[in-house]
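Take a look at the letters that make up each chain.
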Amino acid sequence: RREQELWDKAQPRYDAIMERHLRLPTVDDADTDADATSDASSSTTANGETNESTKEQRELQVRKKRLVYRSKQRGWLEVDLLLGTWASENVPSLTVDELDEFERFVNMETIDIYNVLTLRADVPEEMRGEEGSGREKSLVERIQDWAKESPLGKADQERYVEVKTKNNLI
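Described below are features of the structure shown in this document.

What counts and what doesn't
Residues numbered from 1 in each chain as written. Predicted model: local features only at pLDDT ≥ 70, side-chain atom pairs only at ≥ 80, totals over all residues. Heavy atoms only, no water. Helix = DSSP H or I, 4+ residues; strand = E, 2+ residues; numbered from the N terminus. Buried < 20%, exposed > 50% of the residue type's maximum accessible area, 1.4 Å probe, protein only. Lys, Arg positive; Asp, Glu negative; His and termini not counted. Salt bridge = Lys/Arg side-chain N within 4 Å of Asp/Glu carboxyl O. Patch = residues over 30% accessible without salt bridge, like charges linked within 9 Å, V, L, I, M, F, W, Y side chains within 5 Å. Areas by Shrake-Rupley, 256 points an atom, 1.4 Å probe, with all protein chains shown as cover. Contact = heavy atoms within 4.5 Å.

**Quick look at the side chain of lysine 64**
Right, on to step 1. Assignment of secondary structure puts lysine 64 in helix H3 (residues 51–72).
Right, on to step 2. Here lysine 64 is buried and forms no salt bridge, its nearest opposite-charge partner glutamate 98 lying at an N-O distance of 8.5 Å.

Shown next, in the form of structure tokens:
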């Protein structure tokens, strides 16, 4: 009987917490949270920006986080490590145009991404930089260069055998 009384008292709070936990957050949630915690509901922030620009910034942050997540969760360990590591290090500083290019790259099939990262295939024509002697490399070409130099892309055979032997895996 006592347990039931406690459960009846806790049930509404439990339901509210569970609903918040299961529901995906949206950019508009931050607006309602900010309105609820602020004393004055003004349309500008302390540095003079409007709430609309901060909403755009929040949307951009959400987009960047989703791209990093998608880069880390491809389903192939090799691609997850190479692309995910690059994304974690570089996506936060990308411009909107570079984010568009990176998103097109991430939207490719995992096998195609793997082949580009490991130099088994060339960068797709539509993702290459401009032709010419002083051309700027495209984002995908820069990722490919990073993967060539990354310690993740290089294996030391002697170290591999040493670790396998030490852990009785050979």
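Having seen the model, we can carry on.
**Focus: unusual backbone geometry**
Right, on to step 1. In this model, leucine 119 sits at a positive phi of 65°, which is unusual for a non-glycine residue.
Right, on to step 2. Summarising the element assignment, leucine 119 is placed in the loop between helix H6 (110–117) and helix H7 (139–149).
Right, on to step 3. For leucine 119, a relative accessible area of 46% translates into the label partly exposed.

**Concerning a nonpolar patch on the surface**
Right, on to step 1. Among the surface-exposed residues, Trp7, Tyr14, Met18 and Leu22 lie close enough to one another that they form a single nonpolar patch of about 420 Å² accessible area.
Right, on to step 2. Note on placement: leucine 22 falls in helix H1 (residues 2–22).

**Re H7**
Right, on to step 1. When H7 is considered as a whole, its buried residues turn out to be Leu139, Val140, Glu141, Ile143, Gln144 and Ala147.
Right, on to step 2. For H7, the elements touching its buried residues are helix H4 (77–90), helix H5 (96–106) and H6.

Interpretation note: all reported values are geometric properties and have no functional meaning in isolation.
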